[in-house]
Amino acid sequence: MSADPNPYRHYLRWILGTVAGASAAVAGFVLLVDPYGLYALADIPGFNRVKPPVERYRNEIRLARAERFRPEIVIAGNSRMEVGVDPDGPHLADRNAFNLALAGTSTALAVDQVRYLARGGHPPRHVIAGMEFVDALTNQPLPPGTVAPVQPEPPSGWRAHAWRADTLYSFASLKDALVTVAIQRQPQAAMATLRGHNPLLQYHQAAATEGYAALFSQRAAENTRKLAAAAAGGLHVPAVRAQAAALIDTAAGADPEVAIDLVIYPYHAQLMALFEQAKLWPRFEAWKAILVEEAEAGRRRHPAARIAVHDFSGYGAIQCEPVPAPGSTARTRWYWEAGHFKPALGDVMVARVLGRVDRRAPAEFGFRLDRGTLDANRDRIAAERAGCLARQAALFDGVARDVERELGRRSASSAPQRRQAALGTAPTVE
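Residues numbered from 1 in each chain as written. Predicted model: local features only at pLDDT ≥ 70, side-chain atom pairs only at ≥ 80, totals over all residues. Heavy atoms only, no water.

An unreviewed UniProt entry annotates the protein chain as SGNH/GDSL hydrolase family protein of Pseudoduganella albidiflava.

1. Quick notes on the overall build of the protein chain
The test is simple: Per the convention used, a helix needs a DSSP run of H or I reaching at least four residues, while a strand needs a run of E reaching at least two, with both numbered from the N terminus. Each residue's exposure class comes from its accessible area (1.4 Å probe, protein chains only) as a fraction of the maximum for that residue type: buried when under 20%, exposed when over 50%, partly exposed otherwise. We call two residues in contact whenever any of their non-hydrogen atoms come within 4.5 Å of each other. The Shrake-Rupley method, run with a 1.4 Å probe, gives the accessible areas here. Residue values count only the displayed protein chains as cover. Under the counting rule used here, the positive set is Lys and Arg, the negative set is Asp and Glu, and His together with the chain ends is not counted. Working definition for charges: the position is that of NZ of Lys, CZ of Arg, CG of Asp or CD of Glu.
A tally of regular secondary structure across the protein chain gives 14 helices and 10 strands. In terms of principal-axis extent, the alpha carbons of the protein chain reach across some 100 × 65 × 50 Å. Looking at the 430 residues of the protein chain, the share that counts as buried comes to 49%. Restricting to contacts in the protein chain with at least 6 residues of sequence separation, those with at least 24 account for 79%. Summed over its atoms, the accessible surface of the protein chain is roughly 21,100 Å², and 57% of this surface lies on carbon and sulfur atoms. For the protein chain, the distance from the average position of its 50 positive side-chain charges to the average position of its 43 negative side-chain charges is 2 Å.

2. Some points on the domain arrangement of the protein chain
Just so we agree on the cut-off: What counts as a domain boundary in this text is fixed by an automatic or database domain assignment. Summed over both partners, the accessible area (1.4 Å probe) lost when two parts come together is defined as the buried area. We define a salt bridge as a contact between a side-chain nitrogen of Lys or Arg and a carboxyl oxygen of Asp or Glu at a distance within 4 Å. Any pair of nitrogen or oxygen atoms within 3.5 Å is treated as a polar contact; in protein, a donor-acceptor pairing is required on top of that, and neighbouring residues in sequence qualify only through side-chain atoms on both sides. Residues are grouped as follows: Ala, Val, Leu, Ile, Met, Phe, Trp, Tyr, Cys and Pro are nonpolar; Asp, Glu, Lys and Arg are charged; all remaining types, including Gly, are polar.
Structurally, the protein chain comprises domain 1 (16-48 + 167-190) and domain 2 (58-141 + 193-412). For domain 1 versus domain 2, the separation of C-alpha centres amounts to 34 Å. At the boundary of domain 1 with domain 2, total buried surface from both sides reaches about 720 Å², with 55% on carbon and sulfur atoms. Considering only the surface of domain 1 that becomes buried against domain 2, G37, L38 and Q188 emerge as the three largest contributors, covering 56% of it. Scanning the region where domain 1 abuts domain 2 turns up 0 salt bridges. For the pair domain 1 and domain 2, the interface holds 3 residue pairs in polar contact (both at pLDDT 80 or more). For the side of domain 1 that touches domain 2, a count of residues per class yields 8 nonpolar, 3 polar and no charged.

3. Quick notes on the packing of aromatic side chains
How we decide: For this analysis, a ring pair means two rings from Phe, Tyr or Trp (six-membered ring only for Trp) whose centres lie within 6.5 Å, classed as stacked if their planes differ by under 30 degrees, edge-to-face if by over 60, and tilted for the remaining angles. We count a charge as sitting over a ring when the NZ of a lysine or the CZ of an arginine lies within 6 Å of the ring centre and within 35 degrees of the ring normal.
Going through the model one piece at a time under the given rule, you end up with 16 aromatic pairs. Ring centres 6.1 Å apart and planes at 75 degrees place the aromatic pair Y265 and Y267 in the edge-to-face group. Look at Y265 and you get buried, because its relative accessible area is 1%. Here Y267 falls in the buried class, since its relative accessible area comes to 1%. Ring geometry for W281 against F284: centres 5.3 Å apart, planes inclined by 75 degrees, an arrangement best described as edge-to-face. On the criterion of helical spacing, the pair formed by W281 and F284 is a turn pair, its members being 3 residues apart in helix α11 (residues 281-301). Side by side, W281 and F284 carry an identical accessibility label, which is buried. Taken together, F133, Y265, Y267, F275, W281, F284 and W287 form an aromatic cluster joined through their ring pairs. Above the face of the F69 ring, R68 is positioned so that its terminal group lies 5.4 Å from the ring centre.

4. A look at the sheet that holds strand β1 (residues 73-76)
Cut-off, in case you're wondering: For two strands to be treated as a pair, DSSP must find no fewer than two bridges joining them. Every axis corresponds to a line fitted to the C-alpha atoms, with the helix fit spanning only the stretch in contact, and the corresponding angles, defined between N-to-C directions, vary from 0 to 180 degrees.
The mixed open sheet is built from 6 strands, whose spatial order is β2-β1-β3-β6-β7-β10. The open sheet terminates on both sides in strands that have one partner only, identified here as β2 (97-99) and β10 (367-369). Between one strand and the next, the sheet's axes are offset by a mean angle of 25 degrees, whatever the strand orientation. As paired elements, strand β6 (residues 259-264) and strand β7 (residues 306-311) share 6 bridges and run parallel to each other. Within β7, the position partnered with I260 by the bridge is I307.

Set out below in structure tokens:
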């Protein structure tokens, strides 16, 4: 028996074969489990039917799913729409809707999403877009001549598709596949539907353990810090106008008879009171007027399109829902906390936009805004506020104390910098 003339070649082949086999096994497992809902090769209850929320390539994966569904109705916006509007809800289930909303994003992304679907030959016939007032705020007044920020171009060529390889073969995708299998029998695990809705099922456990008062309190502290920082700032008017106009032009350019509903969120009374106390109310009114102007301008540019603005903000019976007291096990009906509403509220909001009847909502919920109804809308909110204040004075008092405390803290922390600036020297770092 002769010795192998090149023993390293055999070893190298063994190594390469092992790596190739392991890679194929990982890719095959991810392909079968399909944690991102991209392939639909198998839909097995108890194995892979429930999908976790997407944490990587969120927009790319969502758009890929939307391409498969070819939705007639697209839901756009930030986390408020992502968790609040269920495309499989009672008023959308028969309409082939898809929720493209993503936490932490602005209207600029909605424009890109609609443009992407149009390029693929599947423009939505109806866009329901959540418009975020907080995104329009600036911490400093804008100098004259400020223009809208330029949005970066999305990747093109092979870079636009490189994410697919990473979602099929990587340790991160393998981990997500294992998580998918693990959550199948956990009724309150974090999950998201294939049509893009994140129902925040994990909040049920948090609310049962900590109570809704804790959820509201935590979010109120975050909102107070953020909005108090904008108290002395301004409104980014060029960005608001540019994004609203781009959304209208993109959707109507792809389908001249498209329906576009711009939705002002149903902020809870706690958050509305925070707008007041942080001196943001005049900007809130100005922002609404800009949306109305852009909708009217859009109707002139695209006469076949139906473009509307709906104001779901206010202090009505829904938005003024009582916050359970600390230690209480009571549950809310409409809100997780002041910033995010439950799918039940998303359902009645969508019903109003679609012109359908949902008996859970009072008639005044959802006010159609145009140039001629802005004053009436202010009167409505003022009347609702008086009623809400009478029922929940403690809520308004608590917000006032929190904002005053935060503004005082910010003033005290900035005093040394102001004195240093007055002396014309840089702060000393020890």
